[in-house]
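Listed here are the chains, written in short residue letters.
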Amino acid sequence: MTEPNRRPGARPVVTGLGVAAPNGLGTQAYWAATLDGKSGLGRITRFDAERYPVRVAGEVSEFDDTEHVPSRLAVQTDHWSHLGLAAADMALHDAGVKPGDLPEYEMAVVTASSSGGTEFGQREIEKLWSQGPSYVGVYQSIAWFYAATTGQISIRYGMRGPCGVICAEQAGGLEVMAQARRLLRQSAAVVVTGGTDASLCPYGLVAQISTGMLSPRDDPERAYLPFDADACGYVPGEGGAMLVVEDEATARSRGARPYGVITGYGATFDPRPEPGREPRSNLGRAIDLALREARVTPEQVDVVFADALGVPGHDLAEARAIAAVFGPHGVPVTAPKTMTGRLYAGGASLDLATALLSVRDGVIPPTVGVRAAAPACELDLVRSAARDGPVRNALVLARGHGGFNAAVLVTAP
């Protein structure tokens, strides 16, 4: 049984952003670094990675758990949840939302997760095998779980409305925004949404290496080059973004200034690959669905934030999908994640936050590192330096490992 829509005409707007990224902690620091082309990629320092085939990643090096998470909560949760809690706090403060002033059952939380609390889980598994089951902490049962960040945000701010988590790898960061819209059209007044990830530990890195898509290069400046003729895979990273979403009328009634409106969304799934045949992508269909819902033509889109996997075959498939909708070199395309690495569940949420900042300031951030575009990728890639707008409509794309595709259109308020 489905709950009837109580506010079917609600226009979802983003009123708060919170960012924890490898090239900047906090929205202002991240945005300044991104526009300047400052990368947060470097050699892995969270553990000794010399014996691993992947040694470059995007770490949130400025983040100190003790400054952002109470000590009693820090021991119960994984680093991934610490980043999410900090980003959520930033977003609520930015939006001017005071949870204590709102009805607890009208505040909702929905986040994206990819790997869950792998670092916490690794520590407890090490205790299990080295010392025995009695040494495994009681919080192992919840800290690794994909919904842990959602639960901790809900508890911390007394948000007792609908809460959930979506696991669709990179695409999850956009899927949660679609779910936030649904919740606003039903009973929620405010939704905290977005995603973070943090899986830079031996256990987590080995799981990522198994896909065969990570870059083996040691040079941070040449390790992650989406749509480049020299592309060889992507660089993993940690961090992400949290966003506060509410109905436009409610936001304006309390004097909030929205970053943008979520006007379009589309999601598809790729068919299972068949031996001897080129993989088929339904990303273009997701783009069409998002534009159709927003009632926006391809000519009205000012920038596309690409998924940008950095794997040649996948880059070509995305470039073809974009060109099929907008025409060859028909729209500016950017991938600022070359400065952070792919953050999995946090990546698309960070792209969404970046797109909203792009709309606010009328500027398109650069794709650093790319020198020679792959010949078959017919894209107007924004490289080296930021490009002035205006930016009224920004399209964000995300693909998740296993066949997930998602597209979200944000529009100036």
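As the structure is a computational prediction, the values presented were derived from the model and not from experiment. (Residues numbered from 1 in each chain as written. Predicted model: local features only at pLDDT ≥ 70, side-chain atom pairs only at ≥ 80, totals over all residues. Heavy atoms only, no water.)

Asks: Could you give an account of helix α11 (residues 283-294), naming the residues involved and the relevant values?
Replies: An ideal rise of 1.5 Å per residue puts 16 Å on 12 residues; α11 measures up with 17 Å between its terminal C-alpha atoms. Listing the buried residues of α11 in full gives Leu 283, Gly 284, Ala 286, Ile 287, Ala 290, Leu 291 and Ala 294. Buried residues in α11, looked at end-on, bunch into an arc of 160°, giving them a common side. Where α11 is buried, its residues touch β9 (260-269), α12 (312-326), β15 (393-400) and β16 (404-411). Looking one or two places after α11, you find Arg 295, whose phi comes out positive at around 55°. (Helix = DSSP H or I, 4+ residues; strand = E, 2+ residues; numbered from the N terminus. Expected span 1.5 Å × (residues − 1). Buried < 20%, exposed > 50% of the residue type's maximum accessible area, 1.4 Å probe, protein only. Arc of directions from axis to C-beta. Contact = heavy atoms within 4.5 Å.)

Asks: Outline the packing of aromatic side chains, listing residues and values.
Replies: One pass over the structure, following the stated rule, counts 6 aromatic pairs. With a centroid separation of 5.6 Å and an interplanar angle of 75°, the aromatic rings of Trp 144 and Phe 145 are classed as edge-to-face. The class for Trp 144 is partly exposed, based on a relative accessible area of 36%. Relative accessible area serves as the criterion here: at 40%, Phe 145 is assigned to the partly exposed category. (Phe/Tyr/Trp six-rings, centres within 6.5 Å; stacked < 30°, edge-to-face > 60°.)

Asks: How would you summarise the state of the cysteines if you had to cite specific residues and measurements?
Replies: One pass over the full model with this rule turns up 0 disulfides. Between Cys 163, a free cysteine, and Cys 167, which holds the nearest cysteine sulfur, the sulfur-to-sulfur gap is 15 Å. Residue classification places Cys 163 among the partly exposed positions, given a relative accessible area of 41%. Cys 201 takes part in no disulfide bond, and the closest cysteine sulfur, belonging to Cys 167, lies 17 Å away. (Disulfide = S-S within 2.5 Å.)

Asks: Give me helix α1 (residues 27-35): which residues, what numbers.
Replies: Looking at α1, one finds that the buried residues are Thr 27, Tyr 30, Trp 31, Ala 33 and Thr 34. Angular distribution of buried residues about the axis of α1 spans 165°; they occupy a single face of the element. In this structure, the buried side of α1 is in contact with β1 (12-21), β2 (24-25), α13 (345-361) and β12 (363-364).

Asks: Before we move on, could you go through the pattern of salt bridges and cite the residues and values that matter?
Replies: Counting across every chain of the model gives 19 salt bridges. Close ionic contact of Asp 218 with Arg 55 constitutes a salt bridge, the shortest N to O distance being 3.0 Å. Here Arg 55 lies in the loop between β3 (41-43) and β4 (56-58) and Asp 218 lies in the loop between α9 (202-209) and β8 (239-247), a separation of 163 residues in the sequence. Overall, Arg 55 belongs to the buried group, its relative accessible area being 16%. Its salt-bridge partner being Glu 246, residue Arg 254 comes within 2.5 Å of it at the nearest N-O pair. Its relative accessible area of 35% is what places Arg 254 among the partly exposed residues. A residue is classified by how much of its surface remains accessible, and Glu 246, at 1% relative accessible area, is buried. Linked by salt bridges that have partners in common, Arg 43, Glu 50, Arg 55 and Asp 218 make up one network. (Salt bridge = Lys/Arg side-chain N within 4 Å of Asp/Glu carboxyl O.)

Asks: Give me the environment of Ile 262: which residues, what numbers.
Replies: With respect to the secondary-structure elements, Ile 262 resides in strand β9. Separated by 76 residues in the primary sequence, Ile 262 and Thr 338 have C-alpha atoms spaced 25 Å apart. The residues contacting Ile 262, other than those within four sequence positions of it, are Pro 12, Val 14, Met 177, Arg 181, Val 408, Leu 409 and Val 410.

Asks: Report on the layout of surface pockets, specifying residues and quantitative values.
Replies: Empty space among the atoms can be located by rolling a probe the size of a water molecule over them. Here the largest pocket defines a volume of roughly 1000 Å³. Along the wall of the largest pocket there are 44 residues; nearest its centre are Glu 169, Met 213, Gly 400, His 401 and Gly 402. Broken down by secondary-structure element, the contributors of at least two residues to the lining of the largest pocket are α5 (118-131), α9, α12, β15 and β16. When residues in the lining of the largest pocket are grouped by element, the largest group, 6 residues, is from α12. Broken down by class, the residue content of the lining of the largest pocket amounts to 16 nonpolar, 18 polar and 10 charged. (1 Å grid on protein atoms, 1.4 Å probe; cavity = no way out; pocket = protein on both sides within 12 Å on 5 of 7 lines; lining within 4 Å. Points joined across faces, edges and corners; volume = space filled by probe spheres on them. Nonpolar A, V, L, I, M, F, W, Y, C, P; charged D, E, K, R; others polar.)

Asks: So what about empty space enclosed by the protein? Which residues, and what values?
Replies: The tally for this structure, following the rule as stated, stands at 3 cavities of 30 Å³ or more. In this structure, the second largest cavity occupies an estimated 40 Å³ of space. Lining the second largest cavity are Tyr 30, Pro 336, Lys 337, Thr 340, Gly 347, Leu 350 and Asp 351. Sort the elements by how many residues they give to the lining of the second largest cavity and α13 lands first, with 3 residues. When the residues that make up the lining of the second largest cavity are grouped by side-chain class, the tally is 3 nonpolar, 2 polar and 2 charged.

Asks: I'd love a proper account of the packing of α1 against α13, names of residues and values included.
Replies: Orientation of α1 relative to α13, taken along the N-to-C sense of each, is 75°, at an axis distance of 11 Å. By the angle between their directions, the pair α1 and α13 is classed as roughly perpendicular. Facing Thr 27, Tyr 30 and Trp 31 of α1, the residues of α13 in contact are Leu 350, Thr 354, Leu 357, Ser 358, Arg 360 and Asp 361. Counted by class, the contact of α1 with α13 contains 4 nonpolar, 3 polar and 2 charged residues. (Axes fitted to C-alpha atoms, helices over the stretch in contact; angles between N-to-C directions. Parallel < 35°, antiparallel > 145°, perpendicular 65-115°, else oblique.)

Remember, this is a structural readout, not a statement about activity or role.
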